Amino acid sequence: MTEILEVTGDGFERAVARAGLVLRRGGLVAFPTETVYGLGANGLDADAVQRIFIAKGRPADNPLILHVESPAAAAAYVEDMPPAAERLAALFWPGPLTLVLPRSPRVPEIVSAGLPSLAVRVPAHPMALALIRAAGVPVAAPSANSSSRPSPTTAAHVLADLGGRIDLILDGGPTEVGLESTVLDLTGPSPRLLRPGGITVEALAAALGEDGLELGGGDGERPASPGMKYRHYAPRSPLTLVDGEPAAIRALIASEMALAGRQGRTLAALVYSESVPALHGLGLVLDLGPRDDPATACRRLFTLLRECDGAGVDGILAEAGDAKGLGLAVHNRLLKAAGGHVVRAGGGA
Ligand code: TXA
Ligand code: MG
């Protein structure tokens, strides 16, 4: 049985205290962060951490993030906090940035799936921070979805994926950012981006100054974030990402939807607001928000992918936006959801 605690004003302290106890006893608690819901276990208890992998069906070689309450706490679980880590922690924590650093032997190796490194972050959500304090231990937590499903941005998403497999869900309402944290590897010669997320590449580059920033894509000498090699964020219906000029994208999606309709199939369109009117009546049309507002697209993306599943459409056509700022994270997740299936609208292949 999975217990759900709705955490409102008065009940906050009691709910968090209870959840902290469940964690201390080796249980699994899903909790909101500012990015997505996490599935937490006591990060110093290898058996508890093992349960996360089982509940999610997560591949054993995909490491977890250790959630801590402060930069000082992060320093206690890594071998070394280089100056770049100190600087980024001071600027962006609490917040949607995960730093990969050399793991301290205090942290069981299952947390980082056997790697010598450890991903750490200080989440910017009062409930997450209160939970870490109540547990009295660092909290190992991946996103609280079953493996390969879109990350959960509401307690209902967590329940749909993991109901019956975990002990408790703290319901703190929808998450604010909607996509996961940015993951930055600081174990190599220069800082390397492993996953774009809530802190933009532009902000990181500005903070790192002459240290520079390597935009890793997984083809380099060192493997990129192990998690990025798996098909991810995958809706059940096949998704095609349509890139190009907005007007050409719109025209291609409209003609594909119309064709599908004539063949008795229903397609969903996951598009920016400007494209919505042109697709009216052609199928399921889902609005990512204005093109120039990627923060809204971040917040809506995973919910809309799950909506496509609920509707049981035959396929999804997604509009590519500008891969800048927060738009880079949206683009990255859509590419993953598409499993690399991208078409270019308006000439060329
Ligand atoms: O916003 C987030 O990051 C959310 C919330 C709950 O904090 N968590 C999250 O965790 O998205 P997860 O497990 O779904 O994604 C963690 C990513 C994976 O791609 C994983 O491979 C990578 O971080 N990662 C973790 N430890 C690593 C390490 N030691 N070296 C390289 N990549 C690592
Ligand atoms: Mg995940």
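Here the structure is a predicted model, which is why all the values come from computation and not from measurement.

Quick notes on the rules
- Residues numbered from 1 in each chain as written.
- Chains lettered and ligands numbered in written order.
- Predicted model: local features only at pLDDT ≥ 70, side-chain atom pairs only at ≥ 80, totals over all residues.
- Heavy atoms only, no water.
- Salt bridge = Lys/Arg side-chain N within 4 Å of Asp/Glu carboxyl O.
- Helix = DSSP H or I, 4+ residues; strand = E, 2+ residues; numbered from the N terminus.
- Buried < 20%, exposed > 50% of the residue type's maximum accessible area, 1.4 Å probe, protein only.
- Polar contact = N/O pair within 3.5 Å; in protein donor to acceptor, adjacent residues only side chain to side chain.
- Axes fitted to C-alpha atoms, helices over the stretch in contact; angles between N-to-C directions.
- Parallel < 35°, antiparallel > 145°, perpendicular 65-115°, else oblique.
- Left-handed = near helix turned anticlockwise from the far one by under 90°.
- Contact = heavy atoms within 4.5 Å.
- Nonpolar A, V, L, I, M, F, W, Y, C, P; charged D, E, K, R; others polar.
- Pairing = 2+ DSSP bridges.
- pLDDT = per-residue confidence, 0-100.

Trainee: Outline the pattern of salt bridges, listing residues and values.
Mentor: All chains considered together, the criterion is met by 11 salt bridges. In this structure, arginine 300 engages aspartate 287 in a salt bridge whose closest nitrogen and oxygen atoms are separated by 3.8 Å. Of this pair, arginine 300 sits in helix H9 (residues 294-311) while aspartate 287 sits in strand S13 (residues 284-287); the two residues are 13 residues apart in sequence, bridging distant segments of the chain. The exposure class of arginine 300 is partly exposed, given its relative accessible area of 35%. When salt bridges with common partners are traced through the structure, they connect Arg149, Asp161, Arg306 and Asp309 into a single cluster.

Trainee: Any chance you could break down the environment of threonine 187 for me, citing the residues and the numbers?
Mentor: Inspection of the secondary structure puts threonine 187 in the loop between strand S9 (182-185) and strand S10 (192-195). Threonine 187 gets classed as partly exposed once you look at its relative accessible area, which sits at 39%. Put simply, threonine 187 and arginine 300 are 113 residues apart on the chain and 33 Å apart in space, counted from C-alpha to C-alpha. Among the polar contacts made by the side chain of threonine 187, one reaches the side chain of aspartate 185 at a distance of 2.7 Å.

Trainee: So, the packing of helix H4 (residues 83-92) against helix H7 (residues 201-208): which residues are in play, and what are the values?
Mentor: It is the contact of H4 with H7, at a shortest axis distance of 10 Å, that shows an interaxial angle of 125°. Between H4 and H7, the interaxial angle falls into the category oblique. The hand of the H4/H7 crossing is right-handed. Each of Ala84, Arg87, Leu88, Leu91 and Phe92 in H4 lies in contact with H7, whose residues at this interface are Ala203, Leu204, Ala207 and Leu208. Each residue belonging to the contact of H4 with H7 can be placed in one class, and the counts come to 8 nonpolar, no polar and 1 charged.

Trainee: Tell me about the pairing of strand S14 (residues 315-319), and please be specific about residues and values.
Mentor: Across the 5 residues that make up S14, a large majority, 5, are buried. Side chains of S14 alternate between two faces, with Gly315, Leu317 and Glu319 and Ile316 and Ala318 buried alike. With 4 bridges connecting them, strand S11 (residues 239-243) and S14 associate as parallel partners. Paired with valine 242 across the bridge in S14 is glutamate 319. Relative to S14, strand S12 (residues 267-271) runs parallel, the two being bridged by 4 bridges. Counterpart to leucine 270 in the pairing with S14 is alanine 318.

Trainee: Explain the sheet that holds strand S4 (residues 65-67) to me, and be specific about the residues and the numbers.
Mentor: What the 10 strands build is an open sheet, ordered S1-S8-S2-S3-S7-S4-S6-S5-S9-S10; its pairing is mixed. The sheet terminates laterally at strand S1 (3-6) and S10, the two strands that pair on one side only. In this sheet, adjacent strand axes meet at a mean angle of 30° when their direction is disregarded. For strand S5 (residues 97-102) and S9, the ladder comprises 4 bridges, and the chain directions are parallel. If you follow leucine 99 over to S9, its bridge partner there is leucine 184. Docked against the sheet, helix H1 (residues 12-24) engages S1, strand S2 (29-32), strand S3 (37-42), strand S7 (139-141) and strand S8 (168-171), running at close to 150° with respect to S8. Along the sheet face, H4 touches S5 and S9 and points at about 160° away from the line of S5.

Trainee: Describe the confidence of the model for the protein chain, with residues and values.
Mentor: Mean pLDDT over the protein chain works out to 93, with 94% of the residues at or above the 70 mark. Under a pLDDT of 50 for its full length, residues 218-223 has, in the predicted model, 10 contacts with residues more than four places off or in other chains.

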